Amino acid sequence: MSELLAFISHQLKDGLLPWSVQVAAAVRFKSTPAAIEGLALGNGILPARYQRNRNMISVAEQQQLFQSRIAVIGCGGLGGYIIEELARLGVGEIIAIDPDIFEEHNLNRQLLAAPCSLGRAKVEAAQARVNEINPAVMITPIKEAFCTANSRVLLEGVTVAVDALDSISYRLELAAACTEIQIPMVHGAIAGWYGHVATQLPGDRTVQEIYRNWVAGKGIEKDLGNPAFTPAVIASLQVAEVCKIVLGKGELLRQRKVSIDLLAMEFHEILFNAPAEVIYLQGCDLEPVRAAG
Amino acid sequence: MQITLKLFATFRNGRFKAAEEEFPVGTDCRTIVLGLKLTEEEIGIVLVNGRHGTLDSILQDGDTLSLFPLVGGG
């Protein structure tokens, strides 16, 4: 057993690695909290901060999360919540991509926006937030607009790409890039009371199908804007999908899209493998639309 | 011919959730969309009897047309 492993092993509390010991080990052995976390998880030791994950995410699974690299494309309404949740979940690395700075109209909904951050790059705020809430997570801020031209570089070695963009044309570029480099993509979009989520695995064309009738420009968000709660709902569903992809468990939103109407509080499932159908999941007084076959 | 129309999200505002309406034989989805005072740019998902369609899809008597608006914000 290495001296470092012995150091942390002797200071476990109830079998868990306290954060204070993780930091002390990093200082004493000129290491980092991230490296200590990797060593601990690799030896079956759970950092105490993840103890409430324990009965749904095993130590081995927590290590899988730690070994994942998740790209979040867009750090606005959806991206802010996605980054927050990924950092708390304990993914190893987050690539945060956004060219913008915070403006006053972001304050009603964007988790990373605050009066003191107006004018600041969104990816810088994302980095500061992740370093504050979980310093064991490595975050790489990239203040660039995602597009086909830089997609290969930005998505290199990425486990899952999370679509938190606000432009349909860039979403389609991301979908094409994910298809080309064969990585899963978790798509989410919002407008006012409404939003949807879908997961696209390599070879699927779900995002292209979702926007097959797109002509140009933005969707109804152009007129509706977005409130505080819709991005939080959709972002959380996206992170649940990322978690399941990384862990290889559960049922993904694959070849189907869940559309959410928070005003009517209706959840609709639209299938994208032929034949498609709408399944009324909850709270809808309409008869289900079934596929003709 | 009789068509069942189902509208979702903002498309319901000032319209309806579901309605059965008469249209001439050979009517396509675009004609119905424009008749509802919707624009092509607003259209996200078009389902005909639950199958994905386009605004060019020609409807048959008894078909159900479901329309969802385009959602793309983040």
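As shown above, the structure is provided for reference.
This structure is a prediction, so every number in the text was calculated from the model and none was measured. (Residues numbered from 1 in each chain as written. Chains lettered and ligands numbered in written order. Predicted model: local features only at pLDDT ≥ 70, side-chain atom pairs only at ≥ 80, totals over all residues. Heavy atoms only, no water.)

This part covers the side chain of R109 of chain A. Residue and element names in this part refer to chain A. Residue position: R109 is located in the loop between β4 (93-97) and α6 (122-133). For R109, which is buried and forms no salt bridge, the nearest opposite charge comes from D166, at a distance of 6.7 Å. Those residues in contact with R109 that lie beyond four places of it in its chain are Y81, N226, P227, A228 and P231. (Helix = DSSP H or I, 4+ residues; strand = E, 2+ residues; numbered from the N terminus. Buried < 20%, exposed > 50% of the residue type's maximum accessible area, 1.4 Å probe, protein only. Lys, Arg positive; Asp, Glu negative; His and termini not counted. Salt bridge = Lys/Arg side-chain N within 4 Å of Asp/Glu carboxyl O. Contact = heavy atoms within 4.5 Å.)

All names here are of chain B. If you walk across this open sheet you meet the five strands as β2-β1-β5-β3-β4, and the pairing is mixed. Edge positions in the sheet fall to β2 (18-22) and β4 (51-52), since each of these pairs with one other strand and no more. The sheet contact formed by strand β3 (residues 43-48) and strand β5 (residues 64-69) spans five bridges and is antiparallel. Each residue of the ladder has a partner; that of V48, found in β5, is L65. (Pairing = 2+ DSSP bridges.)

All names here are of chain A. If you look at the biggest cluster of nonpolar residues, it comprises 44 residues, and the most contacted ones within it are L65, I70, I82, I83, L86, I94 and V242. Looking at this core, the elements that each hand over two or more residues are β3 (69-73), α5 (77-89), β4, α6, β6 (160-163), β7 (185-191), α11 (229-247) and β9 (256-261). Of the residues forming this core, the biggest block, eight residues, is contributed by α11. Beyond its immediate sequence surroundings of up to four residues, L65 is in contact with I57, L89, G90, V91, G92, C243, V246 and L247. (Core = buried A, V, L, I, M, F, W, Y, C linked by side-chain atoms within 4.5 Å.)

Another aspect to go through is the state of the cysteines. Summed over the entire model, instances satisfying the criterion amount to zero disulfides over all chains. With no disulfide partner, C178 of chain A has as its closest neighbouring cysteine sulfur the one in C147 of chain A, 14 Å distant. (Disulfide = S-S within 2.5 Å.)

Quick look at the pairing of β9 of chain A now. Residues and elements named next belong to chain A. For β9, a buried count of five out of six residues is recorded, marking the element as mostly surrounded by other parts of the structure. As paired elements, strand β8 (residues 194-200) and β9 share five bridges and run antiparallel to each other. Each residue of the ladder has a partner; that of Y194, found in β9, is D261. Relative to strand β10 (residues 266-271), β9 runs antiparallel, the two sharing six bridges. Of the residues in β10, the one forming a bridge with S259 is H268. Adjacent in sequence and paired antiparallel, β9 and β10 are bridged by four residues, among which M265 carries a positive phi angle near 50 degrees.

Let's shift gears to a nonpolar patch on the surface. Residues W19, V23 and V27 of chain A make up a contiguous nonpolar surface patch of about 250 Å² in total accessible area. With respect to the secondary-structure elements, V23 of chain A resides in helix α2 (residues 19-28). (Patch = residues over 30% accessible without salt bridge, like charges linked within 9 Å, V, L, I, M, F, W, Y side chains within 5 Å. Areas by Shrake-Rupley, 256 points an atom, 1.4 Å probe, with all protein chains shown as cover.)

The next subject is the interface of chain A and chain B. Taken together, the contact pairs 51 residues of chain A with 28 residues of chain B. The junction of chain A with chain B conceals about 2800 Å² of combined surface from both sides, 59% of it contributed by carbon and sulfur atoms. The tally of links between chain A and chain B comes to three salt bridges. With its nearest N and O atoms 3.0 Å apart, the salt bridge here joins E266 of chain A to R12 of chain B. In this assembly, chain A and chain B are joined by 13 residue pairs in polar contact (both at pLDDT 80 or more). Of the residues belonging to the side of chain A that touches chain B, the class tally is 28 nonpolar, eleven polar and twelve charged. (Buried area = accessible area lost by both parts, 1.4 Å probe. Polar contact = N/O pair within 3.5 Å; in protein donor to acceptor, adjacent residues only side chain to side chain. Nonpolar A, V, L, I, M, F, W, Y, C, P; charged D, E, K, R; others polar.)

Okay, the packing of helix α3 (residues 33-42) of chain A against helix α4 (residues 59-66) of chain A next. All names here are of chain A. Taken N-terminus to C-terminus, the directions of α3 and α4 make an angle of 145 degrees; their axes are 9 Å apart at the nearest point. The two elements α3 and α4 cross, and the hand of that crossing is left-handed. Where α3 approaches α4, its residues A34, E37, G38, L41 and G42 are matched on the opposing element by V59, Q62, Q63 and F66. Counted by class, the contact of α3 with α4 contains four nonpolar, four polar and one charged residues. (Axes fitted to C-alpha atoms, helices over the stretch in contact; angles between N-to-C directions. Left-handed = near helix turned anticlockwise from the far one by under 90°.)

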